[in-house]
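This is what each chain is made of:
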Amino acid sequence: MPRAEPRAAYGNRSPYTVLGRTYTVMPSADGYVERGIASWYGTKFHGRLTSSREPYDMYAMTAAHKALPLPTFARVTNLDNGRSVIVRVNDRGPFHADRIIDLSYAAAVKLGIHIAGTGTVEVRAIDPGHPELAVAPVVRPNAPPTPLYVQVGAFASRDNARALASRIEDNEIDDVFLDRVKVDGRLLYRVRVGPLRSVADADAMTARLRGIGLRGLAVSVD
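Summarised in this report is the structure supplied together with it. Being a predicted model, the structure only gives us computed values, none of them experimental. (Residues numbered from 1 in each chain as written. Predicted model: local features only at pLDDT ≥ 70, side-chain atom pairs only at ≥ 80, totals over all residues. Heavy atoms only, no water.)

## Concerning the pairing of strand β8 (residues 118-125)
Thinking step 1. Of all eight residues making up β8, seven are buried, and the element is well covered by its neighbours.
Thinking step 2. The pairing of strand β3 (residues 33-41) with β8 spans seven bridges and is classified as antiparallel. Bridge pairing in β8 links Ser39 to Thr118.
Thinking step 3. Across five bridges, strand β5 (residues 72-78) lies against β8 in antiparallel orientation. When the bridges of β8 are listed, Ala74 appears paired with Ala125. (Buried < 20%, exposed > 50% of the residue type's maximum accessible area, 1.4 Å probe, protein only. Helix = DSSP H or I, 4+ residues; strand = E, 2+ residues; numbered from the N terminus. Pairing = 2+ DSSP bridges.)

See the structure below:
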């Protein structure tokens, strides 16, 4: 049950560095919504201390996130089957560039992603004072799998975006395209590859793009 809690004394230092990458903790979870790939962690970490210094319980409804304040309550919805759970984010991770949240084993089971190990999800932060506002998205029964995209870069200049897209195409990678998006009032041209049909396809494409020297890749659902 979502409830108001003070920020944890541990796990909220910002910025912090793990495996050579630096991350920034969000000042607030207000309005946070993101779609991407979820993974889960289980017996190897059961009983160990989380980043907030609470013991990890694989049978509790918890999760790890790289940037949300600890603790944060969030609704996580499997975009392929519509199952939805509420978790308490009390740990940091997953430190895998293509994953947005690491679920406890119990949460993964309820969402139906524990067997495959990953799934496409929406993560929506919950205001403890108004948990009813964190409504799960509607997922059509028997809908095709949620398509995934690998974002390679975002540029203010269309010419720079087109140059990167051409470099990717020169390496015999298909389905490269540009789209336009506004971020903080700025128009950006994103270079993306997709749609990809599964997490395995997205992982394979990410590895292939890294193989031609590209970094800063991100997998997204839309």
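Here the narrative resumes, following the displayed structure.
## Brief notes about the sheet that holds strand β7 (residues 101-104)
Thinking step 1. In spatial order, the strands read β3-β7-β4-β6-β5-β8; together these six strands close into a barrel with mixed pairing. Within this sheet the neighbouring strands show an average axis-to-axis angle of 45 degrees, counted without direction. (Axes fitted to C-alpha atoms, helices over the stretch in contact; angles between N-to-C directions.)

## Re the environment of Arg180
Thinking step 1. Along the chain, Arg180 turns up in strand β10 (residues 176-183).
Thinking step 2. With 28 residues separating them along the chain, Arg180 and Arg208 place their C-alpha atoms 24 Å apart.
Thinking step 3. The residues touching Arg180, leaving out its near neighbours within four places in the chain, are Leu187, Leu188 and Tyr189. (Contact = heavy atoms within 4.5 Å.)

## Thoughts on helix α3 (residues 199-211)
Thinking step 1. Spanning 13 residues, α3 covers 18 Å between terminal C-alpha atoms, matching the ideal 18 Å at 1.5 Å per step.
Thinking step 2. By the burial criterion, the buried members of α3 are Val199, Ala202, Met205, Thr206 and Leu209. The buried residues of α3 occupy an angular sector of 125 degrees when the element is viewed end-on, so they sit on one face. Opposite the buried face of α3, by more than 90 degrees, sit the exposed residues Ala200 and Gly211. (Expected span 1.5 Å × (residues − 1). Arc of directions from axis to C-beta.)

Function cannot be inferred from these measures alone, as they are strictly geometric.
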